[in-house]
Amino acid sequence: MPVLTRPAAPAPHTTKPPTKTSAGSSWWRKHRFSLAVLTPSLIMIGIFVYGFIGYSVRVSVSKWQGLNPDLSPRDPLYQTYDDMFHTPRFQADLRNVTVFTLLFLTLAVVVGLVLALLVHNALAGRTFFRGVFLFPYALSFIVTGVVWRWIFTPSTGANLILQGLGVDHGPKWITDPAVAGDVSSALEPMLPGGHFIQVELGIPLALIPVVIAASWQLGGFVMANFLAALTAMPEELREAASLDGAGTLRYHWHIVLPWLRPVTAVVLILLGHISLKSFDLVYAMVGQGPGFATDVPGIFVFEQTFRALRYNTGAAASVVMFLLVAAVMVPYLYRSVIREKH
């Protein structure tokens, strides 16, 4: 009787883990085209963006004043910043840019939201009104500043209309040096070292016309962003709200506004960094203003660098402006990256 023998089981096949060299070669083959395309841009950004930022920091701690470069460091290194922050003009600049940013963001977002809702709900002429409200955004800030300067000059513009209505003594507009709501005396004992405050911490009245002009120009940009979000809004939400008996006010408050919240955050970030580094509109419209009531860090940098030839002070103010913009942009970019990872 033949004996059946079971064939021997094949030896288990073991795969050799890839070595570091083979993994690196595979990664290089996969990404070499992308690296070849991006490397020139990365080099240019490293030199002309981050390299110049580093150079500005270097100049800001140097003794460079005048046409002859002098990069020898000051003793102590922060002396230029200390002198600048104790200057009444730069304190007024920080006050002005803070007040301008808060008022401008509030007014521009409200105006843009109202225009977007009106255009979105318009029965006819939606394309026409969208173009009309967006047109100011296409203008140069210099043109806007020159036109609104004429409007808010006390002897012309808006005051002529007020005189026609019987108001003989109109507002001083951009020539008014008054500061409303001064809180410097209240903050001085609360802040450590608050005695260094040398300006009135309130709302400069001459800055309000600049806020109106900036909101007029960028309100259409805000409207366009809100309008795009409203157009992408599902119609089922309106139908569901109608079936639930929600009125117009409740529909907009509980549905439309929460839907626009992400767009509002983007708009605030974009307009915030524009307002913090504002220069051309303010310079063309009113400049420093009475008692530095409308002066901003951008004008301070320009005059310290190219007129007074105090390159270290101008570079220090530029670094402060960079930090202000970074304080707005970096948290948003960080949250965006975290959100993408999750």
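As the structure is a prediction and not an experimental result, all values here were calculated from the model.

### Overview of the overall build of the protein chain
Scanning the protein chain for helices and strands turns up 14 helices and two strands. For a compact globule of 342 residues, the expected C-alpha radius of gyration is about 20 Å, and the protein chain comes in at 29 Å, more than 25% above that figure. The C-alpha extent of the protein chain, read off along each of the three principal axes, is 130 × 70 × 40 Å. When the 342 residues of the protein chain are sorted by exposure, 33% land in the buried category. For the protein chain, the accessible surface area stands at approximately 21,200 Å², while carbon and sulfur atoms represent 68% of it. Each charge sign in the protein chain was given a centre, from 24 positive and 18 negative side chains, and these centres are 18 Å apart.

### Quick look at helix α5 (residues 141–151)
Three or more residues of α5 are buried, namely T144, G145 and W148. All buried residues of α5 project into a common sector of 100° when viewed along the axis, lining one side. The inward-facing, buried residues of α5 contact α8 (208–231) and α12 (280–285). Between a side-chain oxygen at the N-terminus of α5 and the backbone nitrogen of I142 the separation is 3.2 Å; the capping residue is S140.

### Focus on unusual backbone geometry
For the bond running from D75 to P76, omega is 0°, close enough to zero to count as cis. One can find P76 in the loop between α1 (20–60) and α2 (79–85). For W173, which is not glycine, the phi dihedral falls at a positive 55°. If you trace the backbone, W173 turns up in the loop between α6 (158–164) and β1 (179–180).

### Points about the nonpolar core
Counting 39 residues, the largest nonpolar core has F100, F104, V210, V222, F226, L271 and M285 as the members making the most contacts within it. At the level of elements, α3 (88–120), α8, α10 (248–259), α11 (261–276) and α12 are the ones that each hand at least two residues to this core. Setting aside chain neighbours within four positions, we find M285 in contact with G145, W148, R149, F152, I174, P209, V210 and A213.

### Details of the packing of aromatic side chains
All told, the structure shown has 15 aromatic pairs when counted by the stated rule. Seen in terms of ring centroids, F48 and F52 are 5.7 Å apart; in terms of plane orientation they differ by 85°. Their pairing is edge-to-face. With a gap of four residues between them, F48 and F52 both fall in helix α1, about one helical turn apart. For the ring pair F90 and F300, a centre distance of 5.1 Å and an interplane angle of 55° mean the geometry is tilted. Here the residue F90 occupies a position in helix α3, and F300 occupies one in helix α13 (residues 297–306), the gap between them amounting to 210 residues. Considered together, F90 and F300 belong to a single accessibility category, that of buried residues. Among the aromatic residues, ring-to-ring pairing joins W148, F152, W173 and W216 into one connected group.

### Regarding the pattern of salt bridges
Enumeration according to the criterion identifies four salt bridges in this entry. Linking R74 and D83 is a salt bridge whose minimum nitrogen-to-oxygen distance equals 3.6 Å. Where E303 meets R307, a salt bridge forms, and the shortest distance between an N and an O atom there is 3.6 Å. A network of salt bridges, in which partner residues are shared, links R89, D295, E303 and R307.

Rules used throughout
- Residues numbered from 1 in each chain as written.
- Predicted model: local features only at pLDDT ≥ 70, side-chain atom pairs only at ≥ 80, totals over all residues.
- Heavy atoms only, no water.
- Helix = DSSP H or I, 4+ residues; strand = E, 2+ residues; numbered from the N terminus.
- Rg over C-alpha atoms; globule rule 2.2 N^0.38 Å.
- Buried < 20%, exposed > 50% of the residue type's maximum accessible area, 1.4 Å probe, protein only.
- Areas by Shrake-Rupley, 256 points an atom, 1.4 Å probe, with all protein chains shown as cover.
- Lys, Arg positive; Asp, Glu negative; His and termini not counted.
- Charge placed at Lys NZ, Arg CZ, Asp CG, Glu CD.
- Arc of directions from axis to C-beta.
- Contact = heavy atoms within 4.5 Å.
- Polar contact = N/O pair within 3.5 Å; in protein donor to acceptor, adjacent residues only side chain to side chain.
- Core = buried A, V, L, I, M, F, W, Y, C linked by side-chain atoms within 4.5 Å.
- Phe/Tyr/Trp six-rings, centres within 6.5 Å; stacked < 30°, edge-to-face > 60°.
- Salt bridge = Lys/Arg side-chain N within 4 Å of Asp/Glu carboxyl O.

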